[in-house]
Amino acid sequence: MSLPSAAPATRQLRVEMLVVLGISLGQSAVYSLLSLINKLTLPIALNKQTTSMNTSATPDRPWLDLAYQAAGLVFPLMPVALVLYLLWVFHRPDGGPFRAIGFDLRAPGKDLGWGFLTFAGIGVAGLAFYFAARELGINTSISAANLTAAWWSIPVLLLRAAMNGILEEVVMVGYLFTRWRQGGGGVVAIVVGSALIRGGYHLYQGFGGFIGNAVMGVVFGLVYLRTKRVMPLVVCHTLLDIFAFVGYALLKPYIAWL
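Throughout, a residue's number is its position along its own chain's written sequence, starting from 1. Reporting in this predicted model follows two pLDDT cut-offs: at least 70 for local features of residues, and 80 or more for side-chain atom pairs to be given and counted; totals over whole chains, interfaces and linings ignore these cut-offs and use all residues. Side-chain metrics in this entry use all non-hydrogen atoms of the structure; hydrogen atoms and water are not considered.

**Student:** Any chance you could explain unusual backbone geometry here in plain terms?
**Tutor:** The bulk of non-glycine residues show a negative phi, and the bulk of peptide bonds are trans. At N54, a residue that is not glycine, the phi angle is positive and equals roughly 50°. Put simply, DSSP H or I for four residues or longer makes a helix, DSSP E for two residues or longer makes a strand, and each gets a number counted from the N terminus. Relative to the assigned elements, N54 resides in the loop between β1 (50-52) and α3 (62-74). Residue burial is assigned from relative accessible area. The probe radius is 1.4 Å, only protein chains are included, and a residue is buried under 20% of its type maximum, exposed over 50%, and partly exposed in between. Residue classification places N54 among the buried positions, given a relative accessible area of 9%. In this structure, K228 takes a positive phi of about 60° despite not being glycine. You can see K228 is positioned in the loop between α9 (207-227) and α10 (231-251).

Rendered as structure tokens:
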């Protein structure tokens, strides 16, 4: 009796990855590309345009705006729930999804150490690259925090930073790396592919956003391969976004060039 071919399982895993990307960050990459095309076809230079993030939905009604912000924190995490479920019930990796990708609290010291170390290496370089890209005319100006002034503004920005870190690192690294390797894919392909998708869904910022985030994606991929844990990446990403969102909100009234 011949053994069943591994090809159907490989195809199943790759279709699953495409579906997951299609309803999450891959979809964001397509819309981001369309946003960039829109910006490039405007009669204004790219570096003279501003990309606004973390905006209020109803600035004149703070409590309703808070409800919008809460929904915007919860629903983007549904792809995380989906990929953890898929890893739990289909082609389950050894130890289950949380242990397999290192999305747990088993090694807090290691996670914090690698997270802060990666943040220190990427943070300053990333900020310098952003200003350089803007001066070169290949990136928009980023207005990182535009919530209405309310008691909940800073907590929402902190939670948004954590949400981004969890969503991007669990899906783009923990899930994709695991599924790709289960399907027999090579390391270089998934490191580069994941990084390019990461850069793709930041194209709305400009070409600088693509390049900077693609490079960060390669670094994150290498850190994941070294640590076998996604939590250091969640820590680093959260810190980067806290620095960008909260730092911008606090400094904007005092620094004109922001």
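Don't stop here, the text continues.
**Student:** Can you help me understand the packing of helix α7 (residues 153-182) against α10 in this one?
**Tutor:** Two measures define how a pair of helices packs: the angle their axes make with one another and the distance between the axes. Helix axes use the C-alpha atoms of the stretch in contact, all axes being lines fitted to C-alpha atoms, and the angles between their N-to-C directions lie in the range 0 to 180 degrees. Running from N to C, α7 and α10 cross one another at 150°; their axes reach a closest spacing of 8 Å. For the element pair α7 and α10, the recorded crossing hand is right-handed. The residues of α10 that touch α7, namely those facing I154, L157, L158, R160, A161, A162, N164, G165, I166, E168, E169 and V173, are L233, V234, H237, T238, D241, I242, F245, V246, A249 and L250. Side-chain classes are defined by residue name, with Ala, Val, Leu, Ile, Met, Phe, Trp, Tyr, Cys and Pro counting as nonpolar, Asp, Glu, Lys and Arg as charged, and the others, Gly among them, as polar. For the contact of α7 with α10, the per-class residue count stands at 14 nonpolar, four polar and four charged. In this scheme, a crossing is called left-handed if the near helix is turned counterclockwise away from the far one by less than a right angle; it is called right-handed if the turn is clockwise. Between two residues, a contact is recorded if the distance between any of their heavy atoms is within 4.5 Å.

**Student:** So what exactly am I meant to see when it comes to the packing of aromatic side chains here?
**Tutor:** Geometry of aromatic contacts follows a simple scheme: Phe, Tyr and Trp rings, the Trp one being its six-membered ring, pair when their centres are within 6.5 Å, and the pair is stacked under 30 degrees between planes, edge-to-face over 60, tilted otherwise. By the definition in use, this model includes four aromatic pairs. Ring plane angle 55° and centroid distance 5.9 Å describe the contact between W63 and W151, whose orientation is recorded as tilted. Taken together, the residues span a long stretch of sequence, with W63 in helix α3 and W151 in the loop between β2 (141-143) and α7 at a distance of 88 residues. We note that W63, like W151, is exposed. Their ring planes at 15° and their centres at 6.3 Å tell us that F98 and F103 sit as a pair that is stacked. Taking the relative accessible area as the measure of exposure, F98 reaches 37% and is therefore partly exposed. Between the NZ or CZ atom of R14 and the centre of the ring of W180, over which it lies, the distance is 4.6 Å. A cation over an aromatic ring shows up here: R92 above the ring of W88, its NZ or CZ 3.9 Å from the ring centre. By the criterion adopted, a ring carries a charge over it if an Arg CZ or a Lys NZ lies within 6 Å of its centre and within 35 degrees of its normal.

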